[in-house]
Amino acid sequence: MVTKKLHLTNDQEALLLLGEQDMRLRQMEREFGVELYVRHEPDAEDLYVSIRGAAPRVAKTQKRLKEILDRIRAGQPPAVPANAPLSAGAGDFTGAPPLPQGAVYMTAFGKAISPRSPTQQHYVDTIRQKHMAFGIGPAGTGKTFLAVACALASLKAREVSRIVLTRPVVEAGEKLGFLPGDLYEKVNPYLKPLYDAFYYCLGPDKFRMWRDDEIVEIVPLAYMRGRTLEGAFIILDEAQNTTAEQMKMFLTRMGLGSRVVVTGDVTQIDLQNKAASGLLLARDILKDIPEIGFVQFGAEDVVRHELVKKILHAYDRWDKK
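What you see is a predicted model; the values in this text were computed from it and never measured. (Residues numbered from 1 in each chain as written. Predicted model: local features only at pLDDT ≥ 70, side-chain atom pairs only at ≥ 80, totals over all residues. Heavy atoms only, no water.)

Visitor: Hey, could you run me through the overall build of the protein in this one?
Guide: From N to C terminus, the protein includes 10 helices and 11 strands. Here the protein holds 321 residues, and 46% of them are scored as buried. Counting only contacts in the protein whose residues sit at least 6 apart along the sequence, the fraction spanning at least 24 positions is 71%. Accessible area for the protein stands at about 17,000 Å²; split by element, carbon and sulfur atoms hold 52% of it. (Helix = DSSP H or I, 4+ residues; strand = E, 2+ residues; numbered from the N terminus. Buried < 20%, exposed > 50% of the residue type's maximum accessible area, 1.4 Å probe, protein only. Contact = heavy atoms within 4.5 Å. Areas by Shrake-Rupley, 256 points an atom, 1.4 Å probe, with all protein chains shown as cover.)

Visitor: Even after reading the chapter, I still don't get the environment of Ala108, so can you show me in this structure?
Guide: Position of Ala108 relative to the elements: it lies in the loop between strand E4 (105-106) and strand E5 (112-113). Considered as a pair, Ala108 and Val34 are 74 residues apart in the sequence and their alpha carbons are 6.8 Å apart.

Visitor: Any chance you could explain helix H4 (residues 118-129) here in plain terms?
Guide: Since there are 3.6 residues in each turn of an α-helix, residues three or four apart along the chain are aligned in direction. In a regular helix each residue adds 1.5 Å, so 12 residues correspond to 16 Å; H4 covers 16 Å between its end C-alpha atoms and thus fits that length. Next to the buried residues of H4 lie strand E6 (132-136), helix H5 (143-156), strand E9 (232-236), strand E10 (259-264) and strand E11 (292-296). (Expected span 1.5 Å × (residues − 1).)

Visitor: Where do I start with the pairing of strand E3 (residues 47-53) in this structure?
Guide: Every regular strand shows the same layout, with side chains that alternate between the two sheet faces. Taking burial as the measure, the seven residues of E3 include seven buried ones, the bulk of the element. The pairing of strand E1 (residues 2-8) with E3 spans seven bridges and is classified as antiparallel. Each residue of the ladder has a partner; that of Lys4, found in E3, is Ile51. (Pairing = 2+ DSSP bridges.)

Visitor: Teacher, can you tell me more about the pattern of salt bridges here?
Guide: Proximity of charged atoms lets side chains of opposite charge pair with each other. This structure, assessed with the given rule, holds five salt bridges. For Glu217, the salt bridge identified is with Arg162, shortest N-O distance 3.7 Å. In this pair, Glu217 sits in strand E8 (residues 216-220) while Arg162 sits in strand E7 (residues 162-167), placing the two residues 55 residues apart along the sequence. A salt bridge links Glu217 to Arg227, with the shortest nitrogen-to-oxygen separation between them at 2.9 Å. One end of the pair, Glu217, is in strand E8; the other, Arg227, is in the loop between E8 and E9, with 10 residues separating them in the sequence. (Salt bridge = Lys/Arg side-chain N within 4 Å of Asp/Glu carboxyl O.)

Visitor: Where do I start with the nonpolar core in this structure?
Guide: The nonpolar side chains of a soluble globular protein tend to be buried, and buried together. One finds Leu152, Ile163, Leu165, Phe198 and Phe233 to be the most contacted residues of the largest nonpolar core, which totals 36 residues. Counting only elements with at least two residues in this core, the list comes to H4, H5, E7, helix H6 (183-202), helix H7 (204-212), E8 and E9. When residues no more than four places from it in sequence are discounted, the contact partners of Leu152 are Tyr105, Ile163, Phe198, Cys201, Leu202 and Trp210. Ranked by size, the runner-up nonpolar core spans 22 residues in total, among them Met132, Leu229, Met247 and Val260. (Core = buried A, V, L, I, M, F, W, Y, C linked by side-chain atoms within 4.5 Å.)

Visitor: Got a minute to help me understand the sheet that holds E7 in this structure?
Guide: Picture the strands of a sheet paired through backbone hydrogen bonds; they go either parallel or antiparallel. Strand order in the open sheet formed by six strands is E8-E7-E9-E10-E6-E11, and the pairing between neighbours is parallel. Edge positions in the open sheet fall to E8 and E11, since each of these has one partner strand only. When strand polarity is set aside, the average angle formed by the axes of neighbouring strands in this sheet is 15°. Taken together, the five bridges between E6 and E10 define a ladder with parallel strand orientation. Within E10, the position partnered with Ala133 by the bridge is Val261. Packing against the sheet, H5 makes contact with E6, E7, E9 and E10, and its axis sits at approximately 175° to E9. (Axes fitted to C-alpha atoms, helices over the stretch in contact; angles between N-to-C directions.)

Visitor: Just checking my understanding: could you explain the packing of aromatic side chains for this structure?
Guide: Centre distance and the angle of the planes are the two values used to describe a pair of aromatic rings. A complete count under the given rule lists seven aromatic pairs for this structure. Judged by centre distance (5.3 Å) and plane angle (50°), the rings of Tyr195 and Phe207 are tilted. Pair noted here: Tyr195 is in helix H6 and Phe207 is in helix H7, with a separation of 12 residues, a long-range link. Of the two residues examined, Tyr195 and Phe207, each falls in the buried class. Directly above the ring of Tyr48 sits Lys5, whose terminal nitrogen or CZ lies 4.4 Å from the centroid. (Phe/Tyr/Trp six-rings, centres within 6.5 Å; stacked < 30°, edge-to-face > 60°. Lys NZ or Arg CZ within 6 Å of the ring centre and 35° of its normal.)

Visitor: It is not clear to me how unusual backbone geometry should be interpreted in this structure. Could you clarify?
Guide: The phi dihedral of Arg158 is positive, around 60°, even though this residue is not glycine. Position of Arg158 relative to the elements: it lies in the loop between H5 and E7. At Glu238, a residue that is not glycine, the phi angle is positive and equals roughly 55°. Positionally, Glu238 belongs in the loop between E9 and helix H8 (244-251).

Visitor: Sorry, what's going on with the packing of helix H1 (residues 11-18) against helix H2 (residues 23-32) here?
Guide: Packed helix pairs are characterised by how far apart their axes lie and by the angle those axes make with each other. Look at H1 against H2: their axes get within 6 Å of each other, and the N-to-C directions meet at 50°. Relative to H2, the element H1 lies oblique. Across the interface between the two elements, Leu16, Leu17 and Leu18 from H1 touch Met23, Arg24 and Leu25 from H2. Among the residues making up the contact of H1 with H2, the classes are represented as five nonpolar, no polar and one charged. (Parallel < 35°, antiparallel > 145°, perpendicular 65-115°, else oblique. Nonpolar A, V, L, I, M, F, W, Y, C, P; charged D, E, K, R; others polar.)

Pasting the structure below:
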């Protein structure tokens with residue numbers, strides 16, 4: 001992966017180059033298979049366009065952008081309208097690779113995300129078909145990762161306008177004590193696992209840009225109270241650590257045009273009273289509502305290191321004894 005920068009002199013030049021609401025920029029991302037974003041220089045008035053991706057694609061994208069920019073600086077209109085494909089005249093490059101059959105999402109690095117077991121496929125289908133889906137099972141089964149991929153696919157298809165992720169702030173057996181800093185710095189250690197999937201799918205730069213623009217919002221569960229989330233793809237992670245009251249509060253945040261995915265592992269409850277887990281109760285209370293789907297994962301669905309499956313089986317045998 002490489003990153004190249006193309007400098008612009010003012011906002012008007014950026015508008016002519018990228019189109020209104022960055023229409024041409026988004027078109028180029030799709031067709032050339034790269035990641036583009038616009039930033040101001042920290043200590044100057046200039047703008048720059050950063051192009052990130054595989055070296056050959058970055059080179060072709062940079063060349064095409066320079067061709068358009070040269071026409072603009074010569075006082076000529078861009079060679080193509082803002083909503084037209086840009087791949088014409090770009091040599092032998094044919095644009096971003098198509099999404100393979102069965103894939104959920106194509107990452108910024110050109111890797112297709114696809115279900116890897118029948119249960120994962122059932123989970124993806126449930127997310128697509130139901131207004132609300134629960135994914136319950138052991139660590140490493142792709143519950144959160146596939147939910148994030150489905151959320152990004154839904155955002156790309158303009159089915160939703162933003163993604164909201166949340167999880168309860170519960171310490172897993174160790175006391176972290178007082179954490180300095182503002183709210184973001186305090187909760188960052190708890191929410192860091194959610195970032196991993198976005199780093200993989202979007203790359204860290206685009207993820208930070210979307211987070212800053214609140215296209216992707218990651219918040220502690222306690223800060224969801226009182227909100228109504230419309231047109232959003234909402235994911236609750238580590239739901240086994242919610243109380244019944246927290247689960248009810250979260251599920252009733254759902255607004256018009258929203259979709260909800262809840263993930264958790266009932267074998268890793270960190271609450272003092274494990275029987276009070278909101279996930280356990282929700283599974284029993286909501287099981288007869290047809291618009292809500294429940295998917296149960298098993299150790300055979302683990303897609304991490306092969307050793308993880310053996311560890312889970314060993315703990316299962318120990319629990320039975």
